[in-house]
Amino acid sequence: MTTTDETQATRPAGRPRSARAEKAIIDATLDLISESSGLGELSIEAIAARAGVGKTTIYRRWSNKEDLLVDALAALKAPLPTLAGRSLREDLVACAEVFLRETRNARSRCVMNIAMNEAERHPRLVQRIHQATIAPRRAVLTALLERGVATGELRADLNVPIALASLIGTVVWYVRGFEPGHEDLPEGAAEQVVDHLLVGLVPR
């Protein structure tokens, strides 16, 4: 017969178990988002079943589905790397490398797909997702481009929002031009994208 001391000695610590459950819930949510055609199809029941947990486990961490979706999608967006600040080109390449990797990942594409396709049906949720995942990066890139204008590395008359859209849009369309299942981008892809864009952004 197992003693109380033996049971306590072999029982996993509560916090690691909680962390495992939270990761399983986040992973299940992202998997279901990737597989579904819209956020409205997702349910706490489906997420709990995929994660192998009870609904109460989810509700102990998130008060509703919307909070869970925001946290799950925010988890896809790692912070941008620390920018060296030695040159605009170097910092843009570092950012472009992150965007290229993420655009190749089916899960990471969920954020952009939702932002473009779900705004009318779920405006409040999409706004929260935007603030948690897109707005912080937009702020970093805007500051980077504005720095480039101030240092003379970019044109004085640069339209920063258009330049920002050009960078992100080029990365997305460049990556989607590859055949499905083709995982390897050409060597130096980030440098090539940035160098081509800079032709139109640098002082004439």
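Predicted model, so just to flag it, every value in this text is computed and none were measured.

Asker: Is there a simple way to explain helix α5 (residues 65-74) in this structure?
Answerer: The α-helix advances 3.6 residues per turn, and as a result positions three or four apart in sequence lie on the same side. Of all the 10 residues making up α5, 7 are buried; the element is thus mostly covered by neighbouring parts of the structure. Along α5, the residues that are buried comprise Glu 66, Asp 67, Leu 68, Leu 69, Val 70, Ala 72 and Leu 73. Of the residues that open α5, the one with a side-chain oxygen 3.1 Å from the backbone nitrogen of Glu 66 is Asn 64.

Asker: Sorry, what's going on with the side chain of Thr 133 here?
Answerer: Structurally, the position occupied by Thr 133 is in helix α8 (residues 123-151). In this structure, Thr 133 is in contact with Leu 73, Ala 74, Lys 77 and Val 111, ignoring residues within four places of it in sequence.

Asker: Is there a simple way to think about the environment of Glu 118 in this case?
Answerer: By the element assignment, Glu 118 lies in the loop between α7 (109-117) and α8. Residue classification places Glu 118 among the buried residues on the basis of a relative accessible area of 4%. Taking the C-alpha atoms as reference, Glu 118 lies 7.6 Å from Leu 39; in sequence the two are 79 residues apart.

Asker: Explanation requested: the pattern of salt bridges in the structure shown.
Answerer: As a working rule, side chains carrying opposite charge can pair if their charged atoms are close by. What the rule picks out here adds up to 12 salt bridges. With a shortest N-O distance of 2.8 Å, Glu 66 and Arg 128 are connected by a salt bridge. With Glu 66 in helix α5 and Arg 128 in helix α8, this residue pair connects regions lying 62 residues apart in the sequence. A relative accessible area of 18% means that Glu 66 is categorised as buried. When its relative accessible area of 28% is taken as the criterion, Arg 128 is described as partly exposed. A salt bridge links Arg 137 to Glu 102, with the shortest nitrogen-to-oxygen separation between them at 2.7 Å. Within this pair, whereas Arg 137 is found in helix α8, its partner Glu 102 is found in helix α6 (residues 88-103), the two being separated by 35 residues in sequence. Glu 102 carries the same exposure label as Arg 137, and that label is buried. Salt bridges here are not isolated pairs; linked through shared partners, they connect Glu 66, Asp 67, Arg 124 and Arg 128.

Asker: Honestly, the packing of helix α9 (residues 160-176) against helix α10 (residues 189-201) in this entry has me stumped. Any pointers?
Answerer: In a pair of packed helices, the angle between the axes and the distance between the axes together describe the arrangement. Look at α9 against α10: their axes get within 11 Å of each other, and the N-to-C directions meet at 145 degrees. For α9 against α10, the interelement crossing comes out right-handed. Counted together, Ala 163, Ser 166, Leu 167, Thr 170, Val 171 and Tyr 174 of α9 and Ala 189, Val 193, Leu 197 and Leu 201 of α10 form the full contact between these two elements. A class-by-class count of the residues in the contact of α9 with α10 yields 8 nonpolar, 2 polar and no charged.

Cut-offs used in this document
- Residues numbered from 1 in each chain as written.
- Predicted model: local features only at pLDDT ≥ 70, side-chain atom pairs only at ≥ 80, totals over all residues.
- Heavy atoms only, no water.
- Buried < 20%, exposed > 50% of the residue type's maximum accessible area, 1.4 Å probe, protein only.
- Helix = DSSP H or I, 4+ residues; strand = E, 2+ residues; numbered from the N terminus.
- Polar contact = N/O pair within 3.5 Å; in protein donor to acceptor, adjacent residues only side chain to side chain.
- Contact = heavy atoms within 4.5 Å.
- Salt bridge = Lys/Arg side-chain N within 4 Å of Asp/Glu carboxyl O.
- Axes fitted to C-alpha atoms, helices over the stretch in contact; angles between N-to-C directions.
- Left-handed = near helix turned anticlockwise from the far one by under 90°.
- Nonpolar A, V, L, I, M, F, W, Y, C, P; charged D, E, K, R; others polar.

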